[in-house]
Amino acid sequence: MKNFSGKVLFLDRSDINTDEIIPARYLTEISKEALKPYLLEDLNLEELIPGQDVDGKSIIITRANFGCGSSREHAPWALEVNGINLVIAESFARIFRQNMFNCGMMAVELPPETIEHIFTVFGGRETFVETDFKESKFTIKTQGKKEDIFYSISDFDRALVKAGGWLEYADSKY
Amino acid sequence: MGKTIAEKIFDSHRVDSPSEDIHVLNLDAAFCHEITTPIAINNLVSKGKDRVFDPLKIKAVIDHVTPAKDSNTAMQGKILRDWARRHDIKDFFDIGRNGVCHAIFPEKGFVRPGFTIIMGDSHTCTHGAFGAFAAGIGTTDLEVGILKGVCVFHTPVTIKINIAGRMPEGVYAKDVILSIIGRIGVNGATNKIIEFAGPVVDKMDMEERMTLCNMAVEAGATCGICNPDMTTVKYLWEFIKDEYSTKKAALEAFEKYAADSDALYDDVIECDVNNLEPQVTFGYKPDNVKPVKEMEGTPIDQVYIGSCTNGRINDLRVAAKILKGRKISNLVRGIVSPATPKIYSQAMEEGIIKIFMDAGFCVTNPTCGACLGMSNGVLADGEVCASTTNRNFNGRMGKGGMVYLMSPATAAASAIAGHITNSELYKG
Ligand code: SF4
């Protein structure tokens, strides 16, 4: 199973699309690793310096409809090769969400109020998330503050994460 | 309760249902080309899983950029070629024997009614013309398909489109599907299956059905699908004559996959072609569709006849009939790309290639080429192409270029006129 704990990168915007996650001009690459330097290259967000701010982060917390646009699987790959295996958002584009679990990664939805609360309390600070996969629980921490938040994913998605992705799941099962 | 075509295929191929609404199906075929497969191959290699579930059920072709145009595309071809050799994939089609995937695989008899097929290509839906469930998928799904011969799908929700009436002269399958997409929109069938039925579809040949199903994805559909019938049997007969004693026996076997009359649909759309006129797209979405006469006179720089939508022999025949004894406008560059070597040589035998050349067309080898703007006719910024392909997205045929989608007849007529025009103008 992949690692789902670590430092948070906050992306305070809805509708971040796959072109912003990984621009189409890099789709001719024939390895996942080659995508590493280009994650979020075209995302224009105040106070975000793509190459630099991604460094050392393991989790993205963002708003609604993350991963909309083209169905390219390069989007989760670009996250994965940067060590980001977990995105927490209000909602996801369907194919992006499916691609994440297919890769053994997690795309977890939390209610808008909870996301708003997280941004208010933790946004802009150095924040860590610890994931308790068995209990379906995130522990969010920053200096002097700590909160537990429970999440839910389907049994099938849970099985994919446990296996390390659809390839590993299918290889062991069929 | 009756079942749709897709429900019958799902029921006969299901190996698991790990969650409600999630169905793992056995695959009858995994098709591969050199753009999306190499990265799947590399991922499998890096995970120590460089295996294939069944080399006989994997079919591969280099078709998108062929001959290779640069080092990157040469490497993509090489990865696919080496992999096919390594795993003894016999049905691998390289230059000289290659053609557009969705034209060459049916032509070789690889698609049968009731089959489940995946490919890392959105127009895989074309093969639904045979009464197969054929879907475009992403890289991880392709990796699993190659490795294990299974794929996972949601419950197949089906929209039925009943096509009735008499096709007016000069109106083709392409016009029918363009008008349907114009009507239901680019999201009209998102994540659903479109079953094409009714007397017009029953009368269509396999090529026309492939044109219909090919563009189902432009309305968001996972797959377009037609009932298998005697037309399907006749098309496939040379490949199946050892398996069935008579055509009637084959039909009986295939009809197991035809939709039941009391099947349950998400929606049923009635479509009448009696007054249908030739259609053309405008703008950058395939549902921006108008009758050709409303676009009459729109200037064009290039005409492209080819692709998995309309690069088959009948498409070339229709265009050649209009071009015969005529010259294309000096303002226009004409490119025709027969979709497979078989189509190419048949067109040569019938004198069609000569008609195209005499008219001033450039005839290319079978390839996707200009369709996706990677080679063989890329547009310059600001240029416009009248095209028989299936996508008019911004920049599809080259950055800053614009694509008008239409039938081969309209494309041929427009090449002569030098602007978009109705093929009626060049009758007889
Ligand atoms: S001809 Fe065009 S649409 Fe068809 S497979 Fe090739 S690139 Fe895709």
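In case you missed it, the structure is sitting above this.
Calculation criteria
Residues numbered from 1 in each chain as written. Chains lettered and ligands numbered in written order. Predicted model: local features only at pLDDT ≥ 70, side-chain atom pairs only at ≥ 80, totals over all residues. Heavy atoms only, no water. Helix = DSSP H or I, 4+ residues; strand = E, 2+ residues; numbered from the N terminus. Rg over C-alpha atoms; globule rule 2.2 N^0.38 Å. Buried < 20%, exposed > 50% of the residue type's maximum accessible area, 1.4 Å probe, protein only. Axes fitted to C-alpha atoms, helices over the stretch in contact; angles between N-to-C directions. Parallel < 35°, antiparallel > 145°, perpendicular 65-115°, else oblique. Left-handed = near helix turned anticlockwise from the far one by under 90°. Contact = heavy atoms within 4.5 Å. Nonpolar A, V, L, I, M, F, W, Y, C, P; charged D, E, K, R; others polar. Core = buried A, V, L, I, M, F, W, Y, C linked by side-chain atoms within 4.5 Å. Domains from an automatic or database assignment. Near = heavy atom within 4 Å.

Trainee: What's the story with the overall build of chain A in this structure? I'm lost.
Mentor: Scanning chain A from N- to C-terminus turns up seven helices and seven strands. Its C-alpha atoms give chain A a radius of gyration of 15 Å, near enough to 16 Å, the size a compact globule of 174 residues would have. Counting only C-alpha atoms and orienting by the principal axes, one finds that chain A spans roughly 45 × 35 × 25 Å. For chain A, buried positions account for 55% of its 174 residues.

Trainee: In this structure, what is going on with the packing of helix α6 (residues 173-184) of chain B against helix α8 (residues 206-214) of chain B? I would like to understand it.
Mentor: The description of two helices packed together rests on the angle between their axes and the distance between the axes. All names here are of chain B. Following both chains from N to C, one finds α6 and α8 inclined at 20 degrees, their axes separated by 9 Å at the closest point. The orientation of α6 with respect to α8, classified from their angle, is roughly parallel. The crossing of α6 and α8 is right-handed. In this structure, α6 contributes Ala173, Lys174, Val176 and Ile177 to the contact, and α8 contributes Glu208, Thr211 and Leu212. Looking at the contact of α6 with α8, its residues break down into four nonpolar, one polar and two charged.

Trainee: Any chance you could explain the nonpolar core here in plain terms?
Mentor: Nonpolar side chains in soluble globular proteins generally cluster together in the buried interior. Ranked by internal contacts, the top residues of the largest apolar core, which has 100 residues, are A:Leu11, A:Met106, A:Trp166 and B:Trp83. The greatest single-element share of this core, amounting to five residues, is contributed by helix α5 (residues 112-122) of chain A. Counting only domains with at least three residues in this core, you end up with domain 1 (5-154) and domain 2 (158-272) of chain B.

Trainee: Just checking my understanding: could you explain the site of the ligand for this structure?
Mentor: Residues and elements named next belong to chain B. The ligand sits among 13 residues. The nearest are His123, Cys308, Cys368, Cys371 and Asn390. At the level of elements, α4 (101-107) and α11 (307-310) are the ones that each hand at least two residues to the shell around the ligand. Here the shell around the ligand is built from residues that sort into six nonpolar, five polar and two charged.

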